[in-house]
Amino acid sequence: MPIARDPRPLTGEPLALDLLNTRWNREGVTQDLLDGTDGLAVWLASNGLAGDHAADPEVLEHLHEAREALKAAVDGTPAQAAPLVDAVLAHGRIRARLTADGPAEEAEFADPSWGPAWLAARSYLDLITRAPERIRTCAGGSCILHFFDTSRNGTRRWCSMAACGNRAKASRHYARLKEN
């Protein structure tokens, strides 16, 4: 059975933020890609994880736990979020190896159903090590999407200039016209 197209308005963010972006607003109603295993299959495929992980209820349950932990980390306080993120990270580890190509690291899980959740939590650690101030929530009024600001000067405000950015600009323009 072919996997459905990813319906989300923003994809391609680092894995941690992409997991957060499995919830979005459409016309004032919150959508949830991870409301079942069909959506999970779409998310796994969109992130190149479909070949390694099955779209089953256990993986979905673990991803829900990771998504809530990451939401607390991004939108809440680090002190409250740390135990939640650590609980997800407790299900995997990095295994260092020497290969023919040189040193390598690979993720290792006692229970493979934790793989995608653990990888998302690990991705968050990479982001906060790199540039925690560039993890952003869209400034669009009702938008709940997150992004990693890769703009040169670090001033990106919207998940997408084509969507939320244009809405904000149009709203400002309309307000200026009403004043005149």
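The paragraphs below set out a description of the structure included in this document. Here the structure is a predicted model, which means the values were calculated and not measured. (Residues numbered from 1 in each chain as written. Predicted model: local features only at pLDDT ≥ 70, side-chain atom pairs only at ≥ 80, totals over all residues. Heavy atoms only, no water.)

## Here's the deal with the overall build of the protein
Logical step 1: Within the protein one finds 6 helices and 6 strands.
Logical step 2: For the protein, the α and β elements follow one another from N to C terminus as α-β-β-α-α-α-β-β-α-β-β-α.
Logical step 3: Here the protein holds 180 residues, and 37% of them are scored as buried.
Logical step 4: At a minimum sequence separation of 6, the contacts of the protein that also span at least 24 residues come to 47%.
Logical step 5: Summed over its atoms, the accessible surface of the protein is roughly 10,400 Å², and 52% of this surface lies on carbon and sulfur atoms. (Helix = DSSP H or I, 4+ residues; strand = E, 2+ residues; numbered from the N terminus. Buried < 20%, exposed > 50% of the residue type's maximum accessible area, 1.4 Å probe, protein only. Contact = heavy atoms within 4.5 Å. Areas by Shrake-Rupley, 256 points an atom, 1.4 Å probe, with all protein chains shown as cover.)

## Notes on the packing of helix α3 (residues 57–75) against helix α4 (residues 78–89)
Logical step 1: Two elements in contact, α3 and α4, have axes separated by 8 Å at closest approach and are oriented at 150°. It follows from the interaxial angle that α3 and α4 lie roughly antiparallel. Considering only the axes of α3 and α4, their crossing is left-handed. Contacts from Glu65, Ala66, Ala69, Ala72 and Ala73 in α3 reach Ala81, Leu84, Val85, Ala87 and Val88 in α4.
Logical step 2: Across the contact of α3 with α4, the residue classes break down as 9 nonpolar, no polar and 1 charged. (Axes fitted to C-alpha atoms, helices over the stretch in contact; angles between N-to-C directions. Parallel < 35°, antiparallel > 145°, perpendicular 65-115°, else oblique. Left-handed = near helix turned anticlockwise from the far one by under 90°. Nonpolar A, V, L, I, M, F, W, Y, C, P; charged D, E, K, R; others polar.)

## Focus on the packing of α4 against helix α5 (residues 115–130)
Logical step 1: Two elements in contact, α4 and α5, have axes whose closest approach is 8 Å; the angle formed by their N-to-C orientations is 130°. Judged by the inter-axis angle, α4 sits oblique to α5. Relative to α5, α4 is oriented so that their crossing is left-handed. Along the contact surface, α4 presents Val85, Val88 and Leu89, while α5 presents Ala117, Trp118, Ala121, Arg122 and Leu125.
Logical step 2: Split by residue class, the contact of α4 with α5 holds 7 nonpolar, no polar and 1 charged.

## Points about helix α2 (residues 37–46)
Logical step 1: Every buried residue of α2 is listed here: Gly39, Leu40, Ala41, Val42, Trp43 and Leu44.
Logical step 2: The elements touched by buried residues of α2 are α1 (15–20), α3 and α5.
Logical step 3: Following α2 by one or two positions, Gly48 has its phi on the positive side, about 70°.

## Details of unusual backbone geometry
Logical step 1: Despite not being glycine, Glu27 shows a phi value in the positive range, around 50°.
Logical step 2: As for its position among the elements, Glu27 is in the loop between β1 (23–26) and β2 (29–32).
Logical step 3: Since its relative accessible area comes to 81%, Glu27 is described here as exposed.

## Some points on the state of the cysteines
Logical step 1: All chains considered together, the criterion is met by 0 disulfides.
Logical step 2: This cysteine, Cys159, is not joined by any disulfide, and Cys164 carries the nearest cysteine sulfur, 3.7 Å off.
Logical step 3: There is no disulfide at Cys164, and the cysteine sulfur nearest it, in Cys138, is 3.7 Å away. (Disulfide = S-S within 2.5 Å.)

## Topic: the environment of Thr137
Logical step 1: As for its placement among the helices and strands, Thr137 is situated in strand β5 (residues 135–137).
Logical step 2: Its relative accessible area of 38% is what places Thr137 among the partly exposed residues.
Logical step 3: Distance in space between the C-alpha atoms of Thr137 and Cys159 is 7.7 Å, their sequence separation being 22 residues.
Logical step 4: Excluding its chain neighbours within four sequence positions, the residues that come into contact with Thr137 are Asp75, Leu145, His146, Phe147 and Arg157.
Logical step 5: A polar atom in the side chain of Thr137 sits 3.3 Å from the side chain of His146. (Polar contact = N/O pair within 3.5 Å; in protein donor to acceptor, adjacent residues only side chain to side chain.)

Everything listed is a geometric property; what it means functionally is a separate question.
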